[in-house]
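Here is how the chains run, residue by residue.
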Amino acid sequence: MIEVRRMVILTGAGVSAESGLGTFRDKDGLWTKYDLSEVATPEGFAANPHKVHEFYNARRQNLQQTKPNAAHHALSRLERYCGADFLLVTQNVDNLHEQAGSRNLIHMHGELNKIRCQCCGHKMPWTGDLAVSTTCTACAETGGLRPHIVWFGEMPFGMDAITQALSSCDLFISIGTSGSVYPANSFVDTARRAGAHTIELNLEPSEGQSMFAEVHYGPATKLVPEYVERLLGSGTTLGNVLDR
Ligand code: BV8
């Protein structure tokens, strides 16, 4: 039995797969169609900003028609009713967790519906297309706008808050991620060293499968609501007691 007073949840592209958004490394995944070094690195953006804008414009357009699924809604319910400290860290750049009502959320890899100006640093919501010719509404410069996305080789957002939460959590649940990308794939180890119970909910074993104390495989829209029900079903007012 463990007393859950602080939980950290990590999600990846698999949690949004059943909403129709592609994953990266599955069959037909994004990285099977694009060379990530050309569209998801600062060097790729410097070499061909038009190509990178096209890559993100297509995903941003697709996102506007996308809705959260039962896994997103279950995580929002867990945050509301778990009676414990709750942090949701997502590697995803979509806004489906917010649409489902999640609040204590860190987009460690940035957000598709935001852009920022490299000239003045201004960050702004953006759901339309972006081009090299787009002018910054804050400094009126042209050519400096980029997606507010963390590319490979760039520092993820929120790392201090994430590390602090992982170092004091007693439950860590990883959902829908292949465990291929650092530093997200090191979070389970940080949580484990803090004494947390660690759980993987995924369609299939991830690269870090052996690091988890408990694993369940299947689609997120089935697994996540079931596990949230188990957590809330066993709930006490002060945090939760979880049967291992
Ligand atoms: C950093 C934004 C320093 C872009 C992304 C060599 C070895 C090791 C590491 C490195 C190396 N060389 C460089 C590195 C570091 C590098 C890295 O890890 N590279 C990898 C490729 C080897 N990392 C970085 O550069 C990071 N920065 O390290 O800075 C630092 C760090 C900390 C402190 C100080 C300094 C920055 C990485 C961020 C890159 N940007 N996203 C965009 O989205 O366009 S990452 C990219 O992969 C994706 O965006 C995604 O967010 C991320 C992880 O992918 P997943 O979400 O896991 O998706 P994937 O398709 O892989 O897996 C999906 C899973 O879902 C599968 O397991 C599947 O089974 C499952 N699934 C599918 N359907 C379902 C399902 N599960 C449940 N239900 C379903 N229905």
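Refer to the structure presented above.
A brief look at the structure comes next. Model, not experiment: these values are computed from the prediction.

Further remarks concern the nonpolar core. Among the nonpolar cores identified, the biggest contains 26 residues, and Met7, Ile9, Leu78, Ile173, Ile175, Leu201 and Val224 are the most heavily contacted of them. For this core, the elements supplying multiple residues, two or more each, are strand S1 (2-4), strand S2 (6-11), helix H5 (70-81), strand S3 (85-90), strand S8 (171-175), strand S9 (197-202) and helix H9 (220-233). With 7 residues, H9 is the single largest residue contributor to this core. Here valine 224 is in contact with Ala71, Ala74, Leu75, Ile175 and Leu201, once residues within four sequence places are set aside.

As summarised here, the arrangement of the 6 strands in space is S4-S3-S2-S8-S9-S10, forming an open sheet in which the pairing is parallel. In this open sheet, the two edge strands, each paired with only one partner strand, are strand S4 (105-107) and strand S10 (214-217). On average, adjacent strands in this sheet sit at an angle of 15° to one another, irrespective of strand direction. Of the pairings in the sheet, the one linking S3 to S4 comprises 3 bridges and is parallel in character. Across the sheet, residue leucine 88 finds its bridge partner in S4, namely leucine 105. Sitting on the sheet, H5 is in contact with S2, S3 and S8, with an inclination near 165° to S2. Against the sheet, helix H7 (residues 159-166) touches S2, S3, S4 and S8, its axis set at about 130° to S3.

Moving on to the side chain of histidine 109. As for its position among the elements, histidine 109 is in the loop between S4 and strand S5 (110-117). Take histidine 109: its relative accessible area is 14%, and that puts it in the buried class. A distance of 3.1 Å separates a polar atom in the side chain of histidine 109 from the backbone oxygen of glutamine 91. The contact partners of histidine 109, leaving out residues within four places of it in the chain, are Thr90, Gln91, Val93, Ile149, Val150 and Val181.

This part covers the site of the ligand. Near the ligand you find 35 residues, and of these Phe24, Arg25, Arg59, Thr177 and Ser178 are the closest. Within the backbone of valine 150, a nitrogen or oxygen atom sits 2.8 Å from a nitrogen atom of the ligand. Residue glutamate 204 places a side-chain N or O atom 3.5 Å away from an oxygen atom belonging to the ligand. In isolation the ligand has 1,500 Å² of accessible area, and contact with the protein removes 77% of it. Across the shell around the ligand, the residue classes tally to 17 nonpolar, 12 polar and 6 charged.

What counts, and at which threshold
- All residue numbers refer to position in the chain's written sequence, counted from 1.
- Residues qualify for local features only when their pLDDT is at least 70, as the model is predicted, and side-chain atom pairs are given and counted only at 80 or more; totals for whole chains, interfaces and linings, by contrast, use all residues.
- As a rule here, side-chain values come from all non-hydrogen atoms in the structure, and water together with hydrogens is ignored.
- In these notes, a set of buried Ala, Val, Leu, Ile, Met, Phe, Trp, Tyr and Cys residues joined through side-chain atoms within 4.5 Å is what counts as a nonpolar core.
- Only protein chains enter the accessibility calculation, which uses a 1.4 Å probe; a residue whose area is less than 20% of its type maximum is buried, one above 50% is exposed, and one in between is partly exposed.
- Secondary structure elements follow DSSP: runs of H or I no shorter than four residues count as helices, runs of E no shorter than two count as strands, and numbering proceeds from the N terminus.
- When checking whether two residues touch, look at their non-hydrogen atoms; a contact exists if any pair is within 4.5 Å.
- Any two strands with at least two DSSP-identified bridges between them are counted as paired.
- Simply put, an axis is a line fit to the C-alpha atoms, just over the touching stretch for a helix, and the angle between two N-to-C directions goes from 0 to 180 degrees.
- Polar contact criterion, stated in full: a pair of N or O atoms within 3.5 Å, where within protein one must be able to donate a hydrogen and the other to accept it, and residues adjacent in sequence count only if both atoms are side-chain atoms.
- Definition of nearness: a residue and a molecule or strand are near each other if at least one heavy atom of the residue lies within 4 Å of the molecule or strand.
- Only the protein chains shown count as cover for residues, and the accessible areas themselves come from Shrake-Rupley with a 1.4 Å probe.
- Gly counts as polar in this scheme, as do all residues outside two lists: the nonpolar Ala, Val, Leu, Ile, Met, Phe, Trp, Tyr, Cys and Pro, and the charged Asp, Glu, Lys and Arg.

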